[in-house]
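Residues per chain, in single letters:
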Amino acid sequence: MSYSKPKRKVDDEHRQFQERWTLQYFFVEFNGNATCLICKEKVAVLKEYNLKRHYSTKHGDQYEKYQEDERKKRATQLQRELTSQQTLFYKAKKDADAAVEASYVVSEMIAKAGKPFTEGQFMKDCMLKVADILCPEKKNMFNNPSLSANTVAERITELSSDIYDQLRGKAGVFTAYSVALDESTGKTDNAHLAIFVRGINEKVEVTEELLSLCPMHGRTTAKDIFQQLGDAIERAGLPWNRLVGVTTDGAPSMTGKKNGLVALVQRKLEEEHADPAVVLHCIIHQQALCSKCLKYEHVMSVVLKCINYIRSRSLQHRQFRAFLEEIEATYGDVLYFTEVRWLSRGNVLKRFFELRTEVKRFMEDGRMDVPEFDDPKWVMDLAFLVDITQELNILNLKLQGPGQLITAAYESVKAFSTKLRLWKTQLSAKNLSHFTTCRSLVEEGIAFNGDEYASAVENLLQEFDKRFVDFKAHRDTFELFADPFSADVESVPNFLQMELIDLQCNSELKTKFREAQGNADKTAQFLRELPPRFPELSKVFSRVMCLFGSKYLCEKLFSAMNFNKCKFRSRLSDAHLEAVLRVSTVNTIRANVARLCEQKCCQVSGKK
């Protein structure tokens, strides 16, 4: 019985290129293969017999005449020529790859700046002019990137698709996620539904990104919104049973008990045998609604009348600015008031108060009679409104921002309620330590009625106490997350009690938590380092970390949407609009430009 000898594999022989082969056969090693210096052919199998056969059959007659130093000189010359050719091709490829990368980077900047796609060609023309002056010998390099309108649109779409693909990859490993959604109508009367997702994985890494921007061409009922939400969740590969929270603007179509969006979501979760989602009304919206309880219409009406008189008439506006410039006033103009902007009222009142003397002098010049300027009581009311709206603006700014922990937002609201109680007591005693604008008028001799303003603060406090019911319902969970080492063990659910006792008795973990407290990134790091013997606590903490406290991201996106799809770009398609907004509002994911460049085949501009 005969046995065949197993074939040897070339890779198993670990053959190496011998330096002497360069002089003997005019070969060099390049990328693991032997390359002939004379004809540039490659020999795949690194074996001396193969090199010798190639040399003797193709080049032996011509190159055998070179001996010793002359042969060495010829080999060196051939090596130099090969290196020069390889460098030439490598440089051409490198320049082409750089041109593609540059087109992606510029397109991303155009999207983030909200500029039209046609700005790409304009930017390229500018770069060519600059290169013509600063480095004319390199002008051709600046001409390589393709930045036509179609190319910029394509690049932005590809950047958006890459971000969305990364989001889908992360969504597949979310242990819990929540959504924040809002619907708005743009300047072209087209309604859009913005859906943001905030998810967390087993490594306690939080991802917060735009899930979908859905055009609503028909009605915007709760059923329609739920359909769009369901489609967006399924496209991203998110399982319904891991949805733990929904944050809305509190509109009836969102929060209706029977047929509202929230009711439909809870019904869907019940079908999936999942726990009910935590439903929250945007904390910033609730704070803005509380601010409207300040009944000082007699102040705002006069302020707005003066501002509108000055700014709605071109001549009056020019004369007012010239007047302020002439007297070297601190500010050069008054601000317009916009009801829908959260910080508008406080900023308008502060600027008007600081320019009240100048406005009075301007109005007295035969323009409009404003007797309120001579009423000390009205001026004091204005000062009080300035002080209280400034504090409300400070609170509003604390509630804004991406990636904010819901517990931090709720703690800011609780702290403001405590401040209101303090101010009420101090105003009754005419203590103006925290009302600097009112104090400045008192120093000028204007009377201050402390009880009246204390009553206004009490009304604001009552409004804050009535609101935020949804946050108060989960107060125990939020407090457990904010400081588990101070939580009352008896007040938490039974399935958490044993783990909580073990946690509170661990001094090492307690020290680490104190160092991380209040910081979202450090808190996530603490949870990552939490030992596996606390599974239920880790699950509760993860659910809290992925909750949206507000729909700030939705409002920010709508501002960008109105800026992009204005009357000058009304034909911007829904697909391109979503791509632009996804690229411009990205938070935790960055487009992989290097990977996108690898998929392109040396695309450079054809325009010379």
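Source: prediction; values computed, not measured.

**Comments concerning the sheet that holds strand β4 (residues 176–185)**
Overall, mixed pairing links the 5 strands, which are arranged β6-β5-β4-β7-β8 in an open sheet. In this open sheet, the two edge strands, each paired with only one partner strand, are β6 (206–216) and β8 (278–281). Taken pair by pair, the neighbouring strands of this sheet meet at an average axis angle of 20°, ignoring direction. Here β4 runs beside strand β7 (residues 243–248); their pairing, made up of 4 bridges, is parallel. By the bridge assignment for β7, alanine 180 is matched with threonine 247. Across the sheet, helix α8 (residues 149–171) lies against β5 (191–200) and β6, angled at about 120° from β6, the strand it touches most. Relative to β6, helix α28 (residues 574–584) is tilted by about 160°, and along the sheet it contacts β5 and β6.

**Some details on the side chain of glutamate 499**
As for its placement among the helices and strands, glutamate 499 is situated in helix α23 (residues 494–504). Here glutamate 499 is buried and forms no salt bridge, its nearest opposite-charge partner arginine 533 lying at an N-O distance of 9.1 Å. Those residues in contact with glutamate 499, other than ones at most four positions away along the chain, are Arg533, Phe534, Pro535, Glu536 and Leu537.

**Remarks on α23**
Regarding α23, the residues found buried are Leu496, Gln497, Glu499, Leu500 and Leu503. Buried residues along α23 sit in contact with α22 (475–482), α24 (507–516) and α26 (535–545).

**Thoughts on empty space enclosed by the protein**
For the structure on display, the rule yields 3 cavities of 30 Å³ or more. A volume near 120 Å³ is recorded for the largest cavity. Taken together, 16 residues make up the lining of the largest cavity; nearest its centre are Gly401, Gln404, Phe548, Gly549 and Ser550. Mapped onto the lining of the largest cavity, the elements with two or more residues apiece are α18 (406–428) and α27 (552–564).

**Some thoughts on the pattern of salt bridges**
Taken as a whole and assessed by the stated rule, the structure comprises 22 salt bridges. The salt bridge involving lysine 414 is made with glutamate 479; its shortest N-O contact spans 3.9 Å. Taken as a pair, lysine 414 in helix α18 and glutamate 479 in helix α22 lie far apart in primary sequence, 65 residues in all. The closest approach of N and O atoms between lysine 512 and glutamate 508, which form a salt bridge, is 3.8 Å. Taken together, the residues lysine 512 and glutamate 508, both in helix α24 and 4 residues apart, mark about one turn of the helix. Here the residues in one salt-bridge network are Asp182, Lys551 and Glu555, joined through shared partners.

**Notes on the packing of aromatic side chains**
Across all of its chains, the model carries 17 aromatic pairs by this definition. Between phenylalanine 416 and tryptophan 423, the ring centres sit 5.7 Å apart and the planes meet at 85°, which makes this aromatic pair edge-to-face. Its relative accessible area of 3% is what places phenylalanine 416 among the buried residues. Residue classification places tryptophan 423 among the buried positions, given a relative accessible area of 4%. Between phenylalanine 513 and phenylalanine 526, the aromatic rings sit 5.3 Å apart at their centres with planes inclined by 65°, giving edge-to-face as the arrangement. Note that phenylalanine 513 is positioned in helix α24 and phenylalanine 526 in helix α25 (residues 520–528), a separation of 13 residues in sequence. Residue class for phenylalanine 526 comes out buried when judged on its relative accessible area of 4%. Members of the aromatic cluster, joined through ring pairs, are Tyr296, Phe384, Phe416, Trp423, Phe435, Phe448, Tyr453, Phe464 and Phe468. Sitting over the ring of tyrosine 104, arginine 155 keeps its end group 4.8 Å from the ring centre.

**Focus on unusual backbone geometry**
In this structure, valine 204 is a non-glycine residue whose phi angle is positive, near 60°. Mapping valine 204 onto the fold places it in the loop between β5 and β6. One non-glycine residue with positive phi stands out, namely lysine 430, at about 55°. Locating lysine 430 in the fold gives a position in the loop between α18 and α19 (436–443).

**Remarks on the packing of helix α12 (residues 283–291) against helix α17 (residues 376–399)**
Taken N-terminus to C-terminus, the directions of α12 and α17 make an angle of 170°; their axes are 10 Å apart at the nearest point. When the axis of α12 is compared with that of α17, the two are roughly antiparallel. Residues Ile283, Ile284, Gln287 and Ser291 of α12 form the contact with α17, whose own contacting residues are Leu392, Leu395, Asn396 and Leu399.

**With respect to the sheet that holds strand β3 (residues 42–43)**
Taken in spatial order, the 3 strands of this open sheet run β1-β2-β3, and their pairing is antiparallel. Looking along the sheet, the strands with just one partner apiece sit at the ends: β1 (27–30) and β3. Bridge count for strand β2 (residues 33–36) against β3 is 2 bridges, and the pairing is antiparallel. Opposite threonine 35, over in β3, you have lysine 42 as the bridge partner.

**Section: the confidence of the model for the protein chain**
Confidence in the prediction for the protein chain averages 85 pLDDT; 91% of positions are at 70 or higher. The low-confidence segment residues 9–13, where pLDDT is below 50, has 3 contacts with residues more than four positions distant or belonging to other chains.

**Notes on the packing of α18 against α22**
Interhelical geometry of α18 versus α22 gives an angle of 110° and a closest axis separation of 10 Å. Comparing the axis directions of α18 and α22 gives the class roughly perpendicular. Crossing handedness for the pair α18 and α22: left-handed. Contact residues: Ile406, Thr407, Tyr410, Glu411 and Lys414 in α18; Arg475, Phe478, Glu479, Phe481 and Ala482 in α22. Grouping the constituent residues of the contact of α18 with α22 by class yields 5 nonpolar, 1 polar and 4 charged.

**Brief notes about the pairing of β5**
Most of β5 is tucked away, with 10 of its 10 residues classed as buried. Of the strand pairs in this sheet, β4 and β5 are connected by 10 bridges, and their pairing is antiparallel. Looking across to β5, one finds that tyrosine 177 is bridged to glycine 199. The turn joining β4 and β5, which pair antiparallel and follow one another in sequence, is formed by 5 residues; a positive phi near 65° is taken by aspartate 189. Relative to β6, β5 runs antiparallel, the two sharing 10 bridges. Each residue of the ladder has a partner; that of alanine 191, found in β6, is methionine 216. Where β5 hands over to β6, the hairpin turn is made up of 5 residues, of which valine 204 adopts a positive phi near 60°.

**Focus: α17**
Over its 24 residues, α17 runs 35 Å from end to end, which matches the ideal 34 Å to within 8%, given 1.5 Å per residue. Of all 24 residues making up α17, 18 are buried, and the element is well covered by its neighbours. At the N-terminal boundary of α17, the capping side chain belongs to aspartate 375, with an oxygen 3.1 Å from the backbone nitrogen of lysine 377. One or two residues past the end of α17 sits glycine 401, with phi positive at roughly 110°.

Quick notes on the rules
Counting restarts for each chain, with residues numbered from 1 along the sequence as it is written. Owing to the predicted nature of the model, reporting of local features is limited to residues with pLDDT of at least 70; listing and counting of side-chain atom pairs is limited to 80 or more, with chain, interface and lining totals taken over all residues. By convention in this description, side-chain values take in all heavy atoms of the structure and omit both hydrogens and water. Strand pairing is assigned whenever DSSP identifies at least 2 bridges connecting the two strands. The helix count covers DSSP runs of H or I at least four residues long, the strand count covers runs of E at least two residues long, and both are numbered beginning at the N terminus. Structural elements are reduced to axes, namely lines fitted to C-alpha atoms, with helices fitted over the stretch in contact, and the angle between N-to-C directions of any two is expressed from 0 to 180 degrees. The contact definition used throughout considers only heavy atoms, calling two residues in contact when any of these lie within 4.5 Å. In this scheme, a residue with accessible area under 20% of its type's maximum is buried, one over 50% is exposed, and one in between is partly exposed, where area comes from a 1.4 Å probe on protein chains only. Counted charges follow a simple rule, with Lys and Arg positive, Asp and Glu negative, and His plus the chain ends left uncounted. Whenever a carboxyl oxygen of Asp or Glu lies within 4 Å of a side-chain nitrogen of Lys or Arg, that contact is scored as a salt bridge. Site definitions follow a grid-based scheme: protein atoms alone, a 1 Å grid, a 1.4 Å probe that fits but cannot get out for cavities, and for pockets an open set with protein on both sides within 12 Å along at least five of seven lines, plus lining residues having an atom within 4 Å of a point. Grid points are joined across faces, edges and corners, and a volume is the space filled by probe spheres set on the points. To pair, rings of Phe, Tyr and Trp, with the six-membered ring standing in for Trp, must have centres within 6.5 Å; the planes then decide the type, stacked if under 30 degrees apart, edge-to-face if over 60, and tilted in the middle. Whether a charge sits over a ring comes down to the Lys NZ or Arg CZ being within 6 Å of the ring centre and within 35 degrees of the ring normal. Put simply, angles under 35 degrees are roughly parallel, angles over 145 are roughly antiparallel, angles from 65 to 115 are roughly perpendicular, and the rest are oblique. The score called pLDDT rates the predictor's confidence residue by residue, from a low of 0 to a high of 100. By definition, any crossing whose near helix is turned counterclockwise from its far helix by less than a right angle is left-handed, and any crossing with a clockwise turn is right-handed. Polarity classes work like this: nonpolar for Ala, Val, Leu, Ile, Met, Phe, Trp, Tyr, Cys and Pro, charged for Asp, Glu, Lys and Arg, and polar for all others, with Gly in that last group. Working rule for helices: expected span equals 1.5 Å times residues minus one. For this analysis, a polar contact is any N or O atom pair within 3.5 Å, provided that within protein one partner can donate a hydrogen and the other can accept it, and provided that sequence-adjacent residues contribute only side-chain to side-chain pairs.

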